Amino acid sequence: MSITSAALPDLLAFEEASVLDAPGAIDLPAAQAAIADFLRALGRDVTDPHLLDTPRRVAAAYAEMLTARETNWTTFPNDEGYAGLVLVKDIPFHSLCQHHLLPFRGVAHVGYLPGDRLFGLSKLARGVERFARDLQVQERLTQQVADWLEETLSPRGVGVVLEAEHMCMSLRGVQVAGSLTRTSVFTGVLSDAGPLRDQFPQ
């Protein structure tokens, strides 16, 4: 994804194209005009001094929330033959519900059992961010992170658990503030219950 504004970073051409295909470019002027029309449709006066700059701000905010930061997906050889679980817990993330364009946010717990390659630990957080910065549903986001790890590392097993509060449930509709949704994907050796899998939130 690229953004037609020097204020926001261009995204890297990702190595794992099969998993990391990016959406099209963001057209900030068109988004700004559409938000002005949206406010008018909601009965708001866009010439009000408090709303004059709102379309620009909203367009920029959504562009930022839909654009992941630059990174690369460098892996390292597992020279020492480390076979234990690599698990990073409580990775904060936020995303946008594709049904209501409202945020959902929470924490991710991401781990893998290495094969021949290792990731730098920060890459696990970067990977979550890469897929979260999109119009999403939590189930798909969980699966995308797991698939990315599988395709990039070919590990012996992957575990991804996401826990999030959805504003589309908290602020509208049923209005259950504080409720958490948990989704999980386990593959390979981690598919079976046991002490390794028990290290993830249950």
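Everything below is about the structure shown above.
Residues numbered from 1 in each chain as written. Predicted model: local features only at pLDDT ≥ 70, side-chain atom pairs only at ≥ 80, totals over all residues. Heavy atoms only, no water.

> Before we go on, may I ask you to explain the nonpolar core in this structure?
Across soluble globular proteins, nonpolar side chains show a tendency to be buried alongside one another. Among the nonpolar cores identified, the biggest contains 27 residues, and Phe-93, Val-110 and Leu-149 are the most heavily contacted of them. Residues Leu-28, Leu-39, Val-46 and Leu-66 belong to the second largest nonpolar core, which totals nine residues. (Core = buried A, V, L, I, M, F, W, Y, C linked by side-chain atoms within 4.5 Å. Buried < 20%, exposed > 50% of the residue type's maximum accessible area, 1.4 Å probe, protein only.)

> Before we go on, may I ask you to explain the packing of helix H2 (residues 28-41) against helix H3 (residues 54-65) in this structure?
A pair of packed helices is captured by two measures, namely the crossing angle of their axes and the spacing between those axes. In the contact formed by H2 and H3, the axes pass within 8 Å of each other and the chain directions differ by 125 degrees. It follows that H2 is oblique to H3 by the angle criterion. For the pair H2 and H3, the crossing hand works out as right-handed. Contacts between H2 and H3 involve Leu-28, Ala-31, Gln-32, Ile-35, Ala-36 and Leu-39 from the first element and Thr-54, Pro-55, Arg-56, Val-58, Ala-59, Ala-60 and Ala-63 from the second. (Axes fitted to C-alpha atoms, helices over the stretch in contact; angles between N-to-C directions. Helix = DSSP H or I, 4+ residues; strand = E, 2+ residues; numbered from the N terminus. Parallel < 35°, antiparallel > 145°, perpendicular 65-115°, else oblique. Left-handed = near helix turned anticlockwise from the far one by under 90°. Contact = heavy atoms within 4.5 Å.)

> Help me understand the environment of Ile-26 in this model?
Its location among the elements puts Ile-26 in the loop between helix H1 (17-20) and H2. Between the C-alpha atoms of Ile-26 and Ala-60, which are 34 residues apart in sequence, the distance is 10.0 Å.

> Would you mind showing me how to read the side chain of Thr-67 here?
As for its placement among the helices and strands, Thr-67 is situated in the loop between H3 and strand S1 (75-77). Here the side chain of Thr-67 touches Ala-63 through a polar contact of 2.7 Å, landing on its backbone oxygen. (Polar contact = N/O pair within 3.5 Å; in protein donor to acceptor, adjacent residues only side chain to side chain.)

> I keep staring at the packing of aromatic side chains and nothing clicks. Help me out?
Both the distance between ring centres and the angle between the ring planes are used here to describe each pair of aromatic rings. This model, assessed by the stated rule, comprises five aromatic pairs. Taken together through their ring pairs, the aromatic side chains of Trp-73, Phe-119, Phe-131 and Trp-148 make up a single cluster. Over the face of the ring belonging to Phe-131 we find Arg-130, whose NZ or CZ atom lies 5.7 Å from the ring centre. Over the aromatic face of Phe-186 sits the side chain of Arg-197, whose NZ or CZ is 4.1 Å from the ring centroid. (Phe/Tyr/Trp six-rings, centres within 6.5 Å; stacked < 30°, edge-to-face > 60°. Lys NZ or Arg CZ within 6 Å of the ring centre and 35° of its normal.)

> Would you mind showing me how to read unusual backbone geometry here?
In this structure, Leu-101 is a non-glycine residue whose phi angle is positive, near 60 degrees. Checked against the element boundaries, Leu-101 lands in the loop between strand S2 (86-97) and strand S3 (103-113). The phi angle at Gln-175 is positive, at roughly 55 degrees, despite the residue not being glycine. In this structure, Gln-175 sits in the loop between helix H6 (167-170) and strand S7 (181-188).

> Got a minute to help me understand the pattern of salt bridges in this structure?
Side-chain pairing between opposite charges can occur once the charged atoms of the two side chains come close. Within this structure, the stated rule accounts for six salt bridges. Note that Arg-40 and Asp-37 form a salt bridge whose closest N and O atoms lie 2.8 Å from each other. Here Arg-40 and its partner Asp-37 are both found in helix H2, three residues apart, which amounts to about one turn of the helix. Accessibility expressed as a relative area gives 46% for Arg-40, which makes it partly exposed. According to the relative accessible area criterion, Asp-37 is partly exposed, its value standing at 46%. Close ionic contact of Arg-133 with Glu-129 constitutes a salt bridge, the shortest N to O distance being 3.5 Å. Since its relative accessible area comes to 14%, Arg-133 is described here as buried. When salt bridges with common partners are traced through the structure, they connect Asp-53, Arg-56 and Arg-57 into a single cluster. (Salt bridge = Lys/Arg side-chain N within 4 Å of Asp/Glu carboxyl O.)

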